[in-house]
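# Results of the structural survey
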Amino acid sequence: MTEPTHDEAHAGALGTRLNWLRAAVLGANDGIVSTAGLVVGVAGATEDRAALLTAGLAGLLAGSMSMAAGEYVSVSTQRDSEMAALAVEKRELREQPEAELEELTEMLRVRGLSREVAREAAEQLTARDALRAHARVELGIDPDELTNPWHAAWASFLAFTVGALLPLLAIVLPPAAWRLPVTVVSVLAALVLTGWSSARLGAADPRRAVLRNVLGGALAMLVTYVTGRLLGAAGV
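Owing to the predicted nature of the structure, the values given are computational and were not obtained by experimental measurement.

## Quick look at the packing of aromatic side chains
For any two aromatic rings, the description comes down to two numbers: the centre-to-centre distance and the angle of the planes. For the coordinates displayed, the defined rule picks out two aromatic pairs. On the numbers, 5.9 Å between centres and 80 degrees between planes, the contact of Trp 154 with Phe 157 is edge-to-face. In this pair, Trp 154 and Phe 157 are both assigned in helix H5 (residues 149-172), three residues apart and thus about one turn of the helix distant.

## Some words on a nonpolar patch on the surface
A cluster of nonpolar side chains, namely Tyr 72, Val 73, Trp 150, Trp 154 and Leu 158, defines an oily patch on the protein surface of about 560 Å² accessible area. Top contributing element to the nonpolar patch by residue count: H5, with three residues.

## Here's the deal with the pattern of salt bridges
Here the idea is simple: oppositely charged side chains can pair when their charged atoms come close. A complete count under the given rule lists seven salt bridges for this structure. Ionic pairing is found between Glu 106 and Arg 115, a salt bridge with its closest N-O pair at 4.0 Å. Under the relative-accessibility criterion, Arg 115 is labelled partly exposed at 35%. Each of Glu 102, Glu 106, Arg 109, Arg 115, Arg 119 and Glu 123 takes part in one network of salt bridges that share partners.

## Comments concerning the packing of helix H2 (residues 49-95) against helix H4 (residues 115-139)
Between H2 and H4, whose axes approach to 10 Å, the crossing angle comes to 125 degrees. Regarding the angle of H2 to H4, the classification is oblique. Pair H2 / H4 crosses with right-handed handedness. Counting all contacts with H2, which are made through Ala 85, Leu 86, Glu 89, Lys 90 and Leu 93, the residues of H4 involved are Ala 130, Leu 131, His 134, Ala 135, Glu 138 and Leu 139. The residue inventory of the contact of H2 with H4, partitioned by class, reads seven nonpolar, one polar and three charged.

## Some details on the packing of H5 against helix H6 (residues 176-201)
Packing of H5 against H6 brings their axes to within 8 Å, and their N-to-C directions diverge by 160 degrees. By the angle between their axes, H5 is roughly antiparallel relative to H6. The element H5 and its partner H6 pack so that their crossing is right-handed. Together, Leu 166, Pro 167, Ala 170 and Ile 171 of H5 and Arg 179, Val 182, Thr 183, Ser 186, Val 187 and Ala 190 of H6 make up the contact between the two elements. Taken together, the residues of the contact of H5 with H6 sort by class into seven nonpolar, two polar and one charged.

Parameters and conventions
- Residues numbered from 1 in each chain as written.
- Predicted model: local features only at pLDDT ≥ 70, side-chain atom pairs only at ≥ 80, totals over all residues.
- Heavy atoms only, no water.
- Phe/Tyr/Trp six-rings, centres within 6.5 Å; stacked < 30°, edge-to-face > 60°.
- Helix = DSSP H or I, 4+ residues; strand = E, 2+ residues; numbered from the N terminus.
- Patch = residues over 30% accessible without salt bridge, like charges linked within 9 Å, V, L, I, M, F, W, Y side chains within 5 Å.
- Areas by Shrake-Rupley, 256 points an atom, 1.4 Å probe, with all protein chains shown as cover.
- Salt bridge = Lys/Arg side-chain N within 4 Å of Asp/Glu carboxyl O.
- Buried < 20%, exposed > 50% of the residue type's maximum accessible area, 1.4 Å probe, protein only.
- Axes fitted to C-alpha atoms, helices over the stretch in contact; angles between N-to-C directions.
- Parallel < 35°, antiparallel > 145°, perpendicular 65-115°, else oblique.
- Left-handed = near helix turned anticlockwise from the far one by under 90°.
- Contact = heavy atoms within 4.5 Å.
- Nonpolar A, V, L, I, M, F, W, Y, C, P; charged D, E, K, R; others polar.

Rendered as structure tokens:
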């Protein structure tokens, strides 16, 4: 039974890496769309480069910090739940080992093993590391791969920042007459890439993901630009 357990660990690690990659792509996508909407809205009201840079930087910092804080809180809660579940399992293994062995046997039997093979496997797994066996089979938790809130927070912060830098640079670097078209084209191209990447990581149809991404980003920029134009015309 050693080889299946080894394969399961690799599958779990691969799934974790894919989740992190997907989260990074989505974080970058959020940075692109939110910052693009902000700077395009400001561009609708004014052509002042300093105002555009100030608004873009404020949006980048606020968004990245918000993403990092939210991810830290969320993953901390998940880690607390995992630790609590492991503590309960550890206590049950200490207080009622026979019942826990029978429970592990039944879970393995339900997965397709015969009663005899399931019992033998449960005994071997328990002798090797009872808590790890129950954590993986019963709880779906790898004790060696518990979620890390700091890693999640930094990953979200960096992903959002990288995504937000694109529209920020696109709106402040070109001459005034080119700012809006350069920003729109750059943002839409980036959204094609992030939509395609997220779909491929999730084994989904890239065409639908790209279309949703592009339409959502285009709508966000259109709404904020029109709002900025109206406010600028009103002298607000």
